[in-house]
Each structure stands twice: as structure tokens, then as C-alpha cells.
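Residues per chain, in single letters:
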Amino acid sequence: MVLRYVGKRLLHAVLVLASVLVAVWFVVNAIGDPARLILPPSASQQLYLDTRESMGLNDPILVQFWRSLSGWLTGDFGVSVWQNVPALPLVLERLPATLLLTAVTLGVAVPLALALGVVSALRPEGPLDRTLTTISLAGVSIADFWLGLMLILVVGVQFQLLPTSGYGGLEYAVLPAAALALRPLGRLAQVSRSAMVEEMQKPYITTLRAQGMPEHTIVRKHALKNSLIPIITVGGDEIATFLNGAVVIETIFAWPGVGGLFIQAIERRDLPLVTACVFVIASMIIVVNLLIDLTYLWIDPRTALTETRRRRAPWSRSSRKDRSASTTSQPGPESSGSTPMAAAGRDSTGGAR
Amino acid sequence: MVAGLAASALVLGACSGGDADEPAGEAGGAEVTIALPEEPRTLASWNAYSNDGHPVLRNVTEALLNRDPDSNELVPELALEWEQIDDTNWQFTLREGVTFHDGTPFNAEAAATSLNFVLDPENAFPMRTFLGPDVTASAVDEYTLNVETASPDPILPTRLYFVTIPSPEQVDDSDAYETNPIGTGPYAFESWNRGQNIVLTANEEWWGADSDDAMGEQDIAQATYVFRPETEVRAGMLSSNEADLAPRITSEQCDAAPVCESTPTVETVVLRLDTPNPVLADQRVREAIALAIDKDQIMNDILGGGETVGQIVGPGAVGYADLEPYPYDPDRAAELVAEAEADGVDVTAPITVIAREGFILRASEAVQVISAELQEIGLTGATSETQETAAFEEQWTIGYDNIPEDRAWAGLQQHGQELMDYAGSIGGYYSCDGQTSAYCDPTLEDMYAEAVTTSDDERQEALAAIAEYVYEEVPVVPIGQPNFNFGMTERVDWTPRMDGFILLKEMTVTE
């Protein structure tokens, strides 16, 4: 059952990746003449015609598409027009920076957000809860580029505690990660609070309390795990955002990530590089989604069961929510009845985008 | 004691983020870090002319000629002397005892191979737009180079000052040519971490080390170039000692820097008018636009400082006519618009004041101000817009013939006059065939065709006459010459050049 679930997920992943690439290829070839883009404005008409010929642009569009497709299968996305070197390695050499920044940002934001959410949820509407809610609301509201510049000016220039910008050791990641972490921190804290509040009001929690189980064990072993689904959904969404590139923060801090490269490629109409960027970013997001689906499976093994029974579109967020919703109808002491909260958590914070 | 120092050095290192960006190196001479606004798109030698390429490449590769930073005169670099032997042939006597960083000796054969490669129309490197007629170089003897032009080109030496010479070994190796520049310059290429930095180190074999006309010295052992698009960050890195030199910052940031050097540039901000459009075809409307714009406000309150001008090239250029900038006179402008309207010109038709995003600092504010000024004088259809680079360029460089009549752009753009010769600007902005021209006038064509064949005083006169002619016609409104602001740390001693080159050999460091 589980293997079948994973196999289906993998198959879907490949299909999604393929359709993204096909869509990008056709859009990209519709918006400009690649030969004109490669040549400087001073190029002669003859040179232009020769270039079109040598690039194979006179072939039927399906032949051209087939050529690109067979290139993709061998990892060949063509040569970057802007930098005149193969496109895919250009993107791949930016990948470690993106992954490092994502890891540091979420490594700080996620545990902190969970802690804040749980602490708030233990005494809903108490003074601590109100304070933390205010802080997390501020987190989702502050513009990251403003925060980034302020961090540079105060921490980097005024006190000179950390490098202002650039890429190197972990210390270079601190300021950009701090600027980036605030939003996911606020968002996840709000979601986990709502989920926990909901969970703690469930009858099975009352039962456990009546059985004399200590409160911290109830929270740790039962309530937290059951409220994880909405948190992971929103967390995965945040990861996808970072992998897409924290473009503004990357630019301010001169962080050599994929996002900055992607934007530069688009600005320069560098079609091979755009395609390679799309491929890498889409692949990463698909991997993240796959991991999230597997995490659902770990949290609630019934996911695989309901999934094989009910055929649905696998990648949309709503399907994830629906999926966790479908589990709620099953009776049982550890029923994860957190779905309305997942939706509520999204709706209340989603506007921050 | 030593251990204590080492320990405190470690702590400092940890605090200030390791040594990757540390300018102060102790071992083996001075090191500097230069924070550039953008990364070179390529390290191919042809890119030594461009804003993104020259800060790095002009130190690695050298040209036949350089310019004296004080007098702006052409002076020897790899060529010792040059003369025009007939209309289309020039001979350059080359410097002896020069070798490329890869050990290849520099001689006429090598120079010819490399020049022919860089200027080959087949290669169509973008820098060719600075060159006039096709060029063929050949060796006469070991140290005499002949350069032939397809048609007479009196300013060939001025053009060749832009063309640096790569090692001929690279001509057949396009991968290495793009990424691993090899020249004869005082600094050799060390490494390029894309997206992060480029490192150059002093070339121990440099001919200039024991020559008295090298126009510089190798006081700096190693230079690291980092790329910081955000001006605030570039400026901040000076205060935090992460960089020694930060070009292209705002005048406010420059004033706050430890040392600020501001210099007039070879750039001119211009507003180009689409003359194929029936409204902008009217000279009165164009003159009204020139009078309506408060050029001093645009230059000094919005664009970060600079002089207003009456011509699209500045004082250093051949053909500079010393024309008064059009005064700011909205009343007279409104009269002109009213006159045009009385003659049936539809002055309420749309006019788009447009600029390319990001290229000119605060361009979006400038176009808003200008469109408001046009509305003031009765051109009530004026609106403003900015476009991203590729989209803008696609519509900007289409040439006079391809500009649709219903387009009425007043395009704010920056024009570089690096050649220091007005003919190039005329060819680009005023002639019927110019790529960036939105104007076509038979009188001007004749004057221009005549002027390009002349040289020296005659050329100055002929080009200045064209300047006076287009001053009256105003197909392009010259706004001003922005200053380049360079922020520096105290330890660096350097004076900016008018051409904007950042030559390490002209820089010294005091510890």
C-alpha cells in the first residue's frame, strides 16, 4: 500500500516536471526570436540568417521541440546567451547557496515557531498568548527588504558584528536568514497555535487527562503530533517560496542564490538559462512536496489508504487539506481533527504574501 | 604576546566574517577590495569597454593606446607611436619586451591575430558598435603593425583605445576566452567565483615595472572585486572596512563615505523625442519640451548631482560647441505649444515619457517629474512609464525607419561618449541610419557625411556646426552630465578618470 502510494507520487512528480518544461519551452519560444536575442544589435542581416540556420530555427517547431527534449533528457539545456557557458551548471553552482540560506532560515524559524505556538496554545487568550500573537503578527507584516537593509546598517556597518553582505561561511548567512526568517516564523507560529488550541480541546485529550497522564506528555506525545499536518502544509509552502528564490534579499545581500540568477536571466531574456532555472526550481519544489507527502504518511498512515481509494489531483494545496480532512471522518482516540484550523491558519496569514 | 595577538585576530576574524572580504592583507603587498554594482557578463577581452567589464578587464588586458588621466590625450600603451600613412592605413610601432600572462611574446603578429579576432564582423562582439568601418590588422615587421580600414576613419586611434588585446593563444579557444582572460596588463587573472568575486594578482612580468611611460605602478598586490547591486550596501561596506572602493553611489552616500571623489563623466542624460510622430515632428513642440524641463532640478535633486548641458557630449569631446543649456522657461514653452495648437497640432495627444528601469538612478522619479512638466505647458496627454531593460532596448534601438507614427516616446536615456568624439553620437542619435536615432534630416545627413572624413581642427569645426544645428532642431533634449561618485576608504589614494576606468596601476595604498 505504502509502496504504491510512493510510486504514484513519483510518477506524478515526473509528469509535473515534464509539463512545466513543455509549457516553459513553448512560452519562451513564443516571446522572442532566439537568434535576435543572441546577436548584438549591430549584427548584419546575413549574420542573422546564418545564425538562425545554425541554431536550427528554420526547422519545423516540433523538430525544434524534439531537439530540446532530447537535450533535457541528457541534462543539456543549451548555452546561456548572457554568459555564454552551459546553462545548467550555472544554475547548479548557485544551488548550495540557496539551500544553505533556506536551511538556516527555516532551521531558526520552524523550531522557534513551534515553541511559540505551543506555549501560546497552552493558555489561549492569556497575556503570554496575546504578546506572542502580536509578535508573530508583526513578523508577517514587516517588509523583509527593509529589515534586511536595517540589519546591514545596524549590525554590519554600525556595530560591525557580522559581514554586511556576500557569501562565505555561516556568519554570512546570519543577516539574510534573520531578515527572511521573520515571516515564516510569524506565519508558522500562528498556524501551530491555532492547531494546538484546536487539538487540546479534543475529547481524547480530556480522556487522557482523566487517565492522569501528565500535561507535558499529552502535549508532546499526542497533541503536537496530531496538529502537525497543517503546520507542515504551511511549512512546505514556505520552503517552496525560498527555493523559488528570496530574490530581494539575495540582491541586497549579494547572496549568490538561484533566485537572483533566475531574475537576471529573465531580465536578459536568456532563454536557455530561464529554462534551466525553471527545471532546477521545479525539481526542488517537487522533491519538497514529495517529502511532505511522505511526512503525512508518517504522521498519519491512513493517508496512503485514503489516497489509494480516492483519486485526486496530487499537487494542489487544497488536495492536501482535503486529504487530512478525509482522515478526520475516521473514528479513533488519536483522530487528527485539525483540518478546519489548517484552513483557518492559512486564511488568516495567507494575506501576508 | 604572539599567541594573544593571534587569538584576538581570530576573534576579530570571526566577528568580521572571516578573510574572504578583508581588504587589509599583510603578506606580500597591499590588497584591495572593490565593490562593483554588477558582475561582468563575461571576461572575454572585448568586454573591456563596457560598464560591467572594464573595471576588471582593463587591468588585465591592455590596448594599443591609453588616455592621460590629466590631459585626456591619447598616450602610448602597447604602441609607442602611430601615424596615418594614407586615407585608410595606419601604422603602429609596438612596444618591445612585452609578454602575455601565458608567456606568449607580444609582437605585431600577435597583435594582428588578436585584433582581427576581436573585431571580426563574424564574431559580432557587442563592442564593435564603437568601431566604424571594418578593420584589418597585419604585421609589417616584428614590431610594426598596419591597420587598414575599409573606408577612411580619421579617428581610428581613438577607437582602438577601446580595444584591448588578448593573447593570440585564446583566439581558437572560446571557452577560455570567455572565462579566463589573458592579456599583457599589470594584473593577471586569478579566479572567478561566479556570483561572488573575481581576484586579480600583480603580474610580475609586467613591462611597466621597469618602464617610465607605464603611467602607473603595481603598488597593489591583489585586488578582489565583489558585486553589490544595492548602492546602500556598497557604501556601507566602506564604513565597515569590507571594501576600499565603491563606484556609482549616490552623492549623499558619497558624502558620508570616509573619502568621496566625484568626477564629471563621459555620460549624458538625454531625452530623445520620436520625431516620426506628428506631434513631436513639430519643432515648436520639441523646443517647448526643452524649455519645460527644469534640468537643474532633474540633475541635482533627483539624479544625484551633475552639470546641465546644451549638447549630448561634454567638454572633453571633439565637436564640443559650448552651447548654453536651454533655460527652464515654462511660460515661453506654453506659448510655443499654444502656437503649435493654433496651427492644428494635436497637443493633447498622448506622449509617453519613458525610461529603462534601473539604468539611471531614480529614473522612475525623473520621468514622473518630466511628464508633469509637459502637462504644465499644455501637452496634456503626457504620461510616464518605465520598462525593464530587454523590453526597452527592443523598442529603443529599432532605428528611425521602424518607429511607428503613433508612438510618441520622450525617452530618458544615458548616452556614453567614451570615444570623446561627437561624430559617434551624431551617428547614433541624429542620423537616419542610427540605431538609437529617432530623427532623419537631409541637411544634417549632408553635414555629417562631410564631417566624418575630416580630422583635427577641421573636424572640430564641422562637428560643432552640427551641434549648433541640432541645438535649434532639438530632436534630442540634452539634460545633463551626471557625476560619478566614488566612495573610498582612507587607505586608498586614487583619482577617478573621466572615462570611468578604474586602473589599479593608478592606485596606491597606505597602511
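Being a predicted model, the structure only gives us computed values, none of them experimental. (Residues numbered from 1 in each chain as written. Chains lettered and ligands numbered in written order. Predicted model: local features only at pLDDT ≥ 70, side-chain atom pairs only at ≥ 80, totals over all residues. Heavy atoms only, no water.)

Another point: the overall build of chain A. Secondary structure assignment for chain A yields 18 helices and zero strands. Counting every position in chain A, which comprises 353 residues, the buried fraction comes to 50%. Within chain A, counting contacts between residues at least 6 apart in sequence, those at least 24 apart form 73% of the total. (Helix = DSSP H or I, 4+ residues; strand = E, 2+ residues; numbered from the N terminus. Buried < 20%, exposed > 50% of the residue type's maximum accessible area, 1.4 Å probe, protein only. Contact = heavy atoms within 4.5 Å.)

In protein structure, a disulfide is the covalent linkage between the sulfur atoms of two cysteines. All names here are of chain B. Taken as a whole and judged by the stated rule, the model has two disulfides over all chains. Across a sulfur-sulfur distance of 2.1 Å, Cys 254 and Cys 260 are joined as a disulfide pair. Looking down the S-S bond of the Cys 254 and Cys 260 bridge, the torsion is 105°, so its handedness is right-handed. Of the residues examined, Cys 260 reaches a relative accessible area of 31% and is grouped as partly exposed. Bridging Cys 432 to Cys 440, the disulfide has an S-S length of 2.0 Å. Between Cys 432 and Cys 440 the disulfide shows an S-S torsion of about 85°. By sign, it is right-handed. Given a relative accessible area of 14%, Cys 432 falls into the buried group. (Disulfide = S-S within 2.5 Å.)

The next point concerns the pattern of salt bridges. All names here are of chain A. Following the criterion strictly, the structure yields 26 salt bridges over all chains and no others. Residue Arg 67 is joined to Asp 59 by a salt bridge in which the shortest nitrogen-to-oxygen separation is 2.9 Å. Take Arg 67: its relative accessible area is 38%, and that puts it in the partly exposed class. Of the residues examined, Asp 59 reaches a relative accessible area of 29% and is grouped as partly exposed. (Salt bridge = Lys/Arg side-chain N within 4 Å of Asp/Glu carboxyl O.)

Bringing the environment of Gly 208 of chain B into the picture now. Residue and element names in this part refer to chain B. Residue position: Gly 208 is located in the loop between β11 (197-202) and β12 (220-227). Judged by relative accessible area, which is 4%, Gly 208 ranks as buried. Considering only alpha carbons, one finds Gly 208 and Asp 456, 248 residues apart in sequence, at a separation of 31 Å.

Let us now look at the confidence of the model for chain A. Of all residues in chain A, 83% have pLDDT values of 70 or greater, and the mean over the chain is 80. Confidence over residues 310-353 of chain A falls short of pLDDT 50; this stretch has 87 contacts with residues more than four positions distant or in other chains. (pLDDT = per-residue confidence, 0-100.)

On to the pairing of strand β19 (residues 409-416) of chain B, then. Every other side chain in a regular strand lies on the same face of the sheet, so the side chains alternate between the two faces. Residue and element names in this part refer to chain B. The buried fraction of β19 amounts to seven of the eight residues, a majority that puts the element mostly inside the structure. Bridge count between strand β15 (residues 267-273) and β19: seven bridges; the pairing is antiparallel. Paired with Val 270 across the bridge in β19 is Gln 413. When strand β17 (residues 351-356) meets β19, the two strands line up parallel, connected through four bridges. The residue of β19 that forms the bridge with Ile 354 is Gly 411. (Pairing = 2+ DSSP bridges.)

In this section: the sheet that holds strand β5 (residues 79-86) of chain B. Residue and element names in this part refer to chain B. One open sheet accounts for four strands, arranged β5-β6-β8-β7; its pairing is antiparallel. On the outer flanks of this sheet lie β5 and β7 (135-141), each paired with one strand and no other. For this sheet, the mean angle separating the axes of adjacent strands, direction not counted, is 25°. Summarising the sheet, strand β6 (residues 89-94) and strand β8 (residues 144-149) pair through five bridges and their orientation is antiparallel. Note on β8: the bridge partner recorded for Asn 89 is Glu 148. (Axes fitted to C-alpha atoms, helices over the stretch in contact; angles between N-to-C directions.)

The subject of this paragraph is the packing of aromatic side chains. For the structure shown, the criterion picks out 21 aromatic pairs over all chains. On the numbers, 5.0 Å between centres and 80° between planes, the contact of Phe 117 of chain B with Tyr 177 of chain B is edge-to-face. Taken together, the positions of Phe 117 of chain B in helix α3 (residues 108-119) and Tyr 177 of chain B in helix α5 (residues 174-179) put the pair 60 residues apart, joining distant regions of the chain. On the basis of relative accessible area, Phe 117 of chain B is assigned to the buried category, the value being 14%. Classification of Tyr 177 of chain B as buried rests on a relative accessible area of 3%. Each member of the aromatic cluster is reached from another via a ring pair, and the members are Trp 25, Phe 26, Phe 65, Trp 72, Phe 77 and Phe 279 of chain A. In this structure, Lys 225 of chain A packs its charged tip against the face of Trp 298 of chain A, placed 5.1 Å from the ring centre. Geometry around Trp 396 of chain B places Arg 272 of chain B over its ring, the cationic atom sitting 3.7 Å from the centre. (Phe/Tyr/Trp six-rings, centres within 6.5 Å; stacked < 30°, edge-to-face > 60°. Lys NZ or Arg CZ within 6 Å of the ring centre and 35° of its normal.)

Next up on the list: a nonpolar patch on the surface. Residue and element names in this part refer to chain A. A grouping of Ile 142, Phe 145, Trp 146, Met 150 and Val 248 is seen on the molecular surface, where their side chains present a nonpolar patch of about 450 Å² in accessible area. Among the elements that line the nonpolar patch, the one with the most residues is helix α8 (residues 144-158), at three residues. Along the polypeptide, Trp 146 turns up in helix α8. (Patch = residues over 30% accessible without salt bridge, like charges linked within 9 Å, V, L, I, M, F, W, Y side chains within 5 Å. Areas by Shrake-Rupley, 256 points an atom, 1.4 Å probe, with all protein chains shown as cover.)

All names here are of chain B. Take Gln 414: it is sitting in strand β19. For Gln 414, a relative accessible area of 16% translates into the label buried. A polar side-chain atom of Gln 414 sits 3.4 Å from a polar atom in the side chain of Glu 267. (Polar contact = N/O pair within 3.5 Å; in protein donor to acceptor, adjacent residues only side chain to side chain.)

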